[in-house]
Amino acid sequence: MRARLLSKHEFHRFLEKLKSQGTLVAPVKEDIVRFKEITDVSAITTEGHPLFPLKKYFSPQKRKIFTYENNNIEEVLPEKQYIMFGARLCDINALLRLDKLFLGDISDRYYQRARANNLIIGLHCEIPPNEMCFCESMGLSDSGYDLLFCDAGENFHIKVGSERGNALVQDLPESDFQPEPIKTEKKLHNTEIAAFFENDAWKKEVEKCLSCGACTTLCPTCLCFDVYDDPDVEMNKGARITEWDSCQYEDFTKVAGGHVFRQAREQRFRHRIFHKIQYYKDQFGEFMCTGCGRCIEGCPTKIDFVEILNGMKQ
Amino acid sequence: MTELPEIATVDDIKQQTTSEYLIRINKGYKHDPGQFFQISLFNIGEAPISICSYDKNYIEMSIRSVGNVTDKLNALQKGDTIGIRGPYGRGYPMHDFKDNNLILIGGGSGVAPLRGVIQYIEKHRDDYKDVHLFFGFREPKEMLFKEDIESYKEKFDVHLTVDHPDDHWKGNVGVITKLLEESRVSNENTIVFLCGPPIMMKFGLQTLEKMGFNRDQVYLSFERQMKCGEKKCGHCMMNGVYVCKEGPVFRYDEVEGLSEKW
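Residues numbered from 1 in each chain as written. Chains lettered and ligands numbered in written order. Predicted model: local features only at pLDDT ≥ 70, side-chain atom pairs only at ≥ 80, totals over all residues. Heavy atoms only, no water.

Draft legend 1. Spatial organisation of the overall build of chain B. Helix and strand content of chain B: seven helices and 16 strands. Relative to the 2.2 N^0.38 estimate, which gives 18 Å for 262 residues, the radius of gyration of chain B is 18 Å and therefore close to what a compact globule would have. Taken along its principal axes, the extent of the C-alpha atoms in chain B is 50 × 45 × 35 Å. Intrachain contacts of chain B at a sequence separation of at least 6 include 70% that bridge at least 24 residues. When the 33 positive and 39 negative side-chain charges of chain B are each reduced to one mean point, those points stand 2 Å apart. (Helix = DSSP H or I, 4+ residues; strand = E, 2+ residues; numbered from the N terminus. Rg over C-alpha atoms; globule rule 2.2 N^0.38 Å. Contact = heavy atoms within 4.5 Å. Lys, Arg positive; Asp, Glu negative; His and termini not counted. Charge placed at Lys NZ, Arg CZ, Asp CG, Glu CD.)

Here it is as structure tokens:
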């Protein structure tokens, strides 16, 4: 399908059209850039990178799996049909990674429903929006979007990724544009990390880790969760909840009787990195990490796993 | 998560020790020995519980009070309801063991899933040759399935030991690995089930190696905090392996290289 051209004068009108078809989510500049549900399309920004990723729209931080009243259970499924505008390729790839976990042999119905009707309008990175970006090393695929907007001064070139996307832009003039692959200054050089499992650098570099879980909260592919009940005060009804959890917390691996399998901070930190760079890849053939850099950007003690791995010697 | 719990009635609940109860649900679930259910009580929460029976008409679970959910489960009365989903995980591939001798080594709560294995063996007795049971408990009063174990003595080669005897205990005292070594059971044509606390499995493996057992003759069962049972919540991951789905039963050579197994 041919790319299309949209004049920036027409941009807001195009966004209005999107908004009329579902719940529009896009980046807005507030104290920081955030993805938000849009009421006023003029608030949308194409600058910068939202600190918090898109995962909350597919499996919210606290989510009711079902409600119960006495012994009757009612499953809770998503109500909104989201249209995402402004997702960068790292965030789009992150959804593709999560799809493999949540739509695999045991599909998660909530996630499945939220993703099924979900429309994704990406925003190409001409230059990386953040100095922590290192997506060039992570083998991102140029897919997963319905449309991809590429800023070209007066106009947007729009790359078409699906029939649904094409239907939105087929009246626009055609363009021959092909986006350049994203180049990042920061790179992860060591991507074969099996030999680094036992390495002194983990302890040394992760000493300042607070086990706060900022990295897992900000990571677009971290979606581990806890399961618990939230009863109504009258105790005859309530909801079973999944809530984002973090492998960085000490009690994450705690079993009955109190034993904790990953007791040391550096073991927990290493586990996350190995999941992102090795375990997931062993299973699905690609990195779970998409190089967005948020876990580095948002770390209160500025631990940089890319530099840690780059510094390790075979 | 995708599987919702169904409501089941507790058809029987029996106290076994000061902290352990046996709960029975008169409903059949197709399962393998070694698999587990997610059992829940509304308002309280959910916990993974291994199956300790093998019967097409009912399931039994031995529950040890170690937290909120299990404390409340053990306070249930006959006729109360629970939420149940599963069975989950990979159990023991009993078919693969046909015509073998079987050695079941259990420590403490680890005896529970092995009781399911024994019930399977009893229903398929001709499929297996000699069956040896090695069970260890901390104290005589912590012994699970006392009556069952008495009946096993008539059918199988049974070895029992406790760490701390009381005045009435006349049997063996000490670690289970010692009994195992002294028994001089043959490693030929034999499959070993090892289920218990990490420390017991660790020493058990050393003893078995000394006795000439290969890694592919030994099956281990791992305990992890499975929150979902569906390879999603991440809690049970052992290196890159989801214990809830790929386990909890593993052949030793499948997990030997995983540093996070203990």
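Draft legend 2. Structural detail: the overall build of chain A. Scanning chain A from N- to C-terminus turns up nine helices and 12 strands. Over its C-alpha trace chain A gives a radius of gyration of 21 Å, about what one expects of a compact globule, namely 20 Å for 314 residues. A fraction of 71% describes how many contacts in chain A between residues 6 or more apart in sequence connect residues 24 or more apart. Accessible surface, chain A as shown: approximately 14300 Å² in total, 47% of it carbon and sulfur. Side chains of chain A give 42 positive and 48 negative charges; the mean places of these two sets differ by 1 Å. (Areas by Shrake-Rupley, 256 points an atom, 1.4 Å probe, with all protein chains shown as cover.)

Draft legend 3. Summary view of helix α2 (residues 89-102) of chain A. Taking 1.5 Å as the rise per residue, α2(A) with 14 residues should run 20 Å; its terminal C-alpha atoms sit 20 Å apart, in good agreement. Those residues of α2(A) lying buried are Leu89(A), Cys90(A), Asp91(A), Ile92(A), Asn93(A), Ala94(A), Leu95(A), Arg97(A), Leu98(A), Asp99(A), Leu101(A) and Phe102(A). (Expected span 1.5 Å × (residues − 1). Buried < 20%, exposed > 50% of the residue type's maximum accessible area, 1.4 Å probe, protein only.)

Draft legend 4. Looking closely at the state of the cysteines. Throughout the structure, instances matching the rule amount to zero disulfides over all chains. A disulfide-free cysteine, Cys224(A) has its sulfur positioned 6.0 Å from the sulfur of Cys247(A), the nearest such atom. (Disulfide = S-S within 2.5 Å.)

Draft legend 5. Here's a closer look at the nonpolar core. One finds Ile277(A), Phe305(A), Leu309(A) and Ile105(B) to be the most contacted residues of the largest nonpolar core, which totals 95 residues. Lining this core are residues from two domains, each supplying at least three of them: domain 1 (3-58 + 76-175) and domain 2 (194-226 + 245-310) of chain A. In terms of nonpolar packing, the next biggest core, distinct from the first, is built from 34 residues, Leu22(B), Tyr92(B), Tyr128(B) and Tyr152(B) among them. (Core = buried A, V, L, I, M, F, W, Y, C linked by side-chain atoms within 4.5 Å. Domains from an automatic or database assignment.)

Draft legend 6. How the structure looks around the pattern of salt bridges. Residues and elements named next belong to chain A. Under the criterion given, the structure shown has 44 salt bridges over all chains. Of the charged contacts, one joins Glu30 and Arg34 as a salt bridge, the two residues approaching to 3.1 Å between their closest N and O atoms. For Glu30, a relative accessible area of 33% translates into the label partly exposed. A salt bridge links Asp31 to Arg34; the nearest nitrogen and oxygen atoms lie 2.9 Å apart. When its relative accessible area of 25% is taken as the criterion, Arg34 is described as partly exposed. (Salt bridge = Lys/Arg side-chain N within 4 Å of Asp/Glu carboxyl O.)

Draft legend 7. Fine view of the sheet that holds strand β12 (residues 237-244) of chain A. All names here are of chain A. Sheet architecture is open: four strands sit in the order β5-β4-β12-β11, paired in antiparallel fashion. Each edge of the open sheet carries a strand with a single partner, namely β5 (72-75) and β11 (225-231). The mean angle between the axes of side-by-side strands here comes to 25°, regardless of whether they run parallel or antiparallel. Examined bridge by bridge, strand β4 (residues 62-69) and β5 share four bridges and lie antiparallel to one another. For Tyr68, the partnering residue across the bridge sits in β5 and is Ile73. (Pairing = 2+ DSSP bridges. Axes fitted to C-alpha atoms, helices over the stretch in contact; angles between N-to-C directions.)

Draft legend 8. Structural view of the domain arrangement of chain A. All names here are of chain A. Assigned domains within chain A: domain 1 (3-58 + 76-175) and domain 2 (194-226 + 245-310). Spacing between the C-alpha centres of domain 1 and domain 2 amounts to 27 Å. Each side of the interface is counted separately: domain 1 has 25 residues, and domain 2 has 25 residues. Of the roughly 2300 Å² buried between domain 1 and domain 2, counting both surfaces, carbon and sulfur atoms make up 66%. Inspection of the region where domain 1 meets domain 2 yields three salt bridges. Remark: the boundary between domain 1 and domain 2 carries 15 residue pairs in polar contact (both at pLDDT 80 or more). With 10 residues, α2 is the largest single contributor of residues to the side of domain 1 that touches domain 2. When its residues are assigned to classes, the side of domain 1 that touches domain 2 shows 17 nonpolar, four polar and four charged. (Buried area = accessible area lost by both parts, 1.4 Å probe. Polar contact = N/O pair within 3.5 Å; in protein donor to acceptor, adjacent residues only side chain to side chain. Nonpolar A, V, L, I, M, F, W, Y, C, P; charged D, E, K, R; others polar.)

Draft legend 9. Broad picture of the interface of chain B and chain A. If you look at the interface, chain B gives 34 residues, while chain A gives 40 residues. With both sides pooled, the region where chain B packs onto chain A buries about 3500 Å², and carbon together with sulfur makes up 55% of that total. Area buried by chain B at its contact with chain A is led by Met1(B), Asn43(B) and Lys232(B), which between them contribute 22% of it. For the interface between chain B and chain A, the tally reads four salt bridges. There are 19 residue pairs in polar contact (both at pLDDT 80 or more) connecting chain B and chain A.

Draft legend 10. Examining unusual backbone geometry more closely. Here the bond from Gly86(B) into Pro87(B) is cis, since omega is 0°, no more than 30 degrees from zero. Along the chain, Pro87(B) turns up in strand β7 (residues 81-88). With a phi close to 65°, Met235(A) is a non-glycine residue in the positive phi region. The residue Met235(A) is located in the loop between β11 and β12 in this model. Look at Phe145(B): it is not a glycine, yet its phi comes out positive at around 50°. Following the sequence through the fold, Phe145(B) ends up in the loop between β9 (131-137) and α3 (146-155).

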